[in-house]
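# Geometric and topological summary
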Amino acid sequence: MPTVDSDGVTIAYETRGPATPDPGAETVVLLEGLGYGRWMWRWQAAALDDRYEVVLLDNRGTGDSDAPDGPYAVEEMAADVEAVLADLDVEAAHVVGASMGGMIAQAYALDYDRTASLSLLCTSHGGEDAVPTPPETQERMFDVPDDADEREAIRYKMRPAMTDDFFDGRDDLVERIVDWRLASDAPPHARAAQAEAVAGFDRRADLANLDVPTLVLHGTADRVLPVENGRRLADRVAEASDASVAFEAFDGGSHLFFVERAGDVNDRLATFLNDV
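Structure report, in brief. (Residues numbered from 1 in each chain as written. Predicted model: local features only at pLDDT ≥ 70, side-chain atom pairs only at ≥ 80, totals over all residues. Heavy atoms only, no water.)

## Quick word on the overall build of the protein
Note the following rule: In this description a helix means any DSSP run of H or I spanning at least four residues, a strand means any run of E spanning at least two, and both kinds are numbered starting from the N terminus. Per-residue accessibility, obtained with a 1.4 Å probe over protein chains only, is compared with the maximum for each type, and a residue is labelled buried under 20%, exposed over 50%, and partly exposed between these values. Note on contacts: a residue pair qualifies if any of its non-hydrogen atoms lie within 4.5 Å across the two residues. Areas reported here follow the Shrake-Rupley algorithm with a probe of radius 1.4 Å; residue values treat only the protein chains shown as occluding. A residue counts as positive if it is Lys or Arg and as negative if it is Asp or Glu; His and the chain ends are not included. Where a charge lies is defined by one atom per residue type, namely NZ (Lys), CZ (Arg), CG (Asp) and CD (Glu).
For the protein, the count of helices and strands is 11 helices and 8 strands. Taken over the C-alpha atoms alone, the protein extends approximately 50 × 40 × 35 Å along its principal axes. By residue count, 53% of the 276 residues in the protein fall in the buried class. Considering only intrachain contacts with a sequence separation of at least 6, the fraction spanning at least 24 residues in the protein is 74%. Summed over all atoms, the accessible surface of the protein reaches about 11600 Å², with 43% contributed by carbon and sulfur. If the 23 positive side-chain charges of the protein are averaged to one point and the 55 negative ones to another, these points end up 5 Å apart.

What follows is the structure in structure tokens.
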């Protein structure tokens with residue numbers, strides 16, 4: 001797997017594209033959430049890689065990338081994205097991020113000049129105006145029962161990110177996701193460092209400088225980052241900058257609505273990317 005050095009941290013990445021290479025294909029880079037590896041985007045990558053060069057990287061601390069001691073900053077992880085795209089000699093990319101990956105995407109679009117469009121899923125601009133993760137979700141995500149083994153711990157932490165119907169009714173897929181997470185999740189010290197980066201993220205004042213077409217998607221039943229975060233993010237971009245912005249709420253969608261409702265999300269992303 002290719003790697004690149006980002007200020008002393010090795011970042012692993014992969015690319016996917018059309019079966020017949022197209023030198024004119026546009027690039028889409030997909031950025032993962034807190035603790036998650038590249039598996040998170042398997043449904044979107046499969047839907048996009050027949051037309052686009054799709055770039056997936058492991059955030060620092062996750063998967064095949066280095067997991068240095070913290071603290072981390074979202075801006076450091078945006079610099080990791082820049083190192084990957086520079087290594088690939090990509091001049092412009094459609095940047096898609098979910099949850100923490102959406103924060104990285106915002107920082108990347110604001111701090112670097114390769115962004116052609118921005119798609120932000122289940123994320124927040126951070127700061128005092130952000131709606132916090134509900135206490136019961138935080139407890140579930142970070143206070144696992146002492147007697148839980150590693151597999152049980154992942155299932156326990158993940159439940160608030162899914163609808164109850166999906167979690168209880170799609171046990172086959174939930175178990176596969178647990179397998180993927182066991183293979184690539186950030187270890188505890190790196191997960192904590194990523195969580196610190198999320199807690200410290202606040203780019204509200206900079207959104208006036210955003211100048212690329214932006215799509216904000218959010219599930220209305222998100223128990224990790226409530227949907228009001230998506231609305232506030234879209235409103236702030238619309239009010240503060242000259243960027244065109246569209247917001248779409250997925251009724252009943254969970255934090256992982258792009259997994260549970262992959263087909264609908266893929267269609268919306270494809271339409272947006274085709275139109276920009």
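## Here's the deal with the packing of helix α2 (residues 74-87) against helix α3 (residues 100-111)
Which entries qualify depends on this criterion: As a rule, the C-alpha atoms of each element are fitted with a line to give its axis, helices using only the stretch in contact, and angles between N-to-C directions run from 0 to 180 degrees. Angle categories: roughly parallel below 35 degrees, roughly antiparallel above 145, roughly perpendicular from 65 to 115, and oblique for all the rest. Here a crossing is called left-handed whenever its near helix is offset anticlockwise from the far helix by less than a right angle, and right-handed whenever the offset is clockwise.
The geometry of α2 relative to α3 is characterised by a closest axis approach of 8 Å and an angle of 70° between their N-to-C directions. Comparing their axes, α3 and α2 come out roughly perpendicular. Handedness of the crossing formed by α2 with α3: right-handed. In contact with Val74, Glu75, Met77, Ala78, Val81, Glu82 and Leu85 of α2, α3 contributes Met100, Met103, Ile104, Ala107, Tyr108 and Asp111.

## Structural notes on the layout of surface pockets
Cut-off, in case you're wondering: Definitions used throughout: a 1 Å grid over protein atoms alone; a cavity as a set of points that fits a 1.4 Å probe which cannot get out; a pocket as an open set with protein on both sides within 12 Å along at least five of seven lines; a lining residue as one with an atom within 4 Å of a point. Grid points are joined across faces, edges and corners, and a volume is the space filled by probe spheres set on the points. Under this grouping Gly is polar, as are all residues other than the nonpolar Ala, Val, Leu, Ile, Met, Phe, Trp, Tyr, Cys and Pro and the charged Asp, Glu, Lys and Arg.
Looking at the largest pocket, its volume works out to about 690 Å³. Taken together, 34 residues make up the lining of the largest pocket; nearest its centre are Leu34, Thr133, Val198, Val224 and Leu225. Elements with a contribution of two residues or more to the lining of the largest pocket: α3, α4 (135-142), α5 (150-158) and α8 (188-199). Per-element tally for the lining of the largest pocket: the top contributor is α8, with 4 residues. In the lining of the largest pocket, the residues fall into 23 nonpolar, 8 polar and 3 charged. The volume enclosed by the second largest pocket comes to roughly 310 Å³.

## Structural notes on unusual backbone geometry
A negative phi angle characterises most non-glycine residues, just as the trans form characterises most peptide bonds. For the bond from glycine 70 to proline 71, the omega torsion is 0°, close enough to zero to count as cis. Along the chain, proline 71 turns up in the loop between β4 (53-57) and α2. Residue aspartate 89 is not a glycine yet carries a positive backbone phi of 60°. The topology assignment puts aspartate 89 in the loop between α2 and β5 (93-98). We classify aspartate 89 as exposed; its relative accessible area is 64%. In this model, serine 99 sits at a positive phi of 60°, which is unusual for a non-glycine residue. Looking at where serine 99 falls in the secondary structure, it is placed in the loop between β5 and α3. Classification of serine 99 by relative accessible area gives buried; the value is 14%.

## Observations concerning the side chain of glutamate 14
Short version of the rule: Under this definition, polar contacts are N or O atom pairs within 3.5 Å; protein pairs additionally need one hydrogen-donor-capable and one acceptor-capable atom, and for neighbouring residues in sequence, both atoms have to be side-chain atoms.
Relative to the helices and strands, glutamate 14 is located in strand β2 (residues 9-16). Side-chain polar atoms of glutamate 14 contact the side chain of arginine 16, separated by 3.2 Å. Polar contacts involving the side chain of glutamate 14 include one to the side chain of arginine 38, which spans 2.7 Å. If near-sequence neighbours (up to four positions away) are discounted, glutamate 14 is found in contact with Arg38, Val54, Val55 and Leu56.

## Things to note about the pattern of salt bridges
Filter applied, for reference: In what follows, salt bridge is the name for a side-chain nitrogen of Lys or Arg lying within 4 Å of a carboxyl oxygen of Asp or Glu.
A complete count under the given rule lists 26 salt bridges for this structure. As a salt-bridge pair, arginine 268 and glutamate 248 come within 2.7 Å of each other at their nearest N and O atoms. Of this pair, arginine 268 sits in helix α11 (residues 262-275) while glutamate 248 sits in strand β8 (residues 245-250), and the two are 20 residues apart along the sequence. Overall, the relative accessible area of 29% leaves glutamate 248 in the partly exposed class. By sharing partners, the salt bridges in this structure join Glu14, Arg16, Arg38, Asp58 and Asp64 into a single network.

## Topic: α2
Counted only if it meets this: By this rule the span expected of a helix is its residue count minus one, scaled by 1.5 Å.
Between the first and last C-alpha of α2 there are 20 Å, a value that for 14 residues agrees with the 20 Å anticipated at 1.5 Å per step. Among the residues making up α2, those that are buried are Val74, Met77, Ala78, Asp80, Val81, Glu82, Ala83, Val84 and Leu85. Note on α2: the residue one or two positions beyond its end, aspartate 89, has a positive phi of about 60°.

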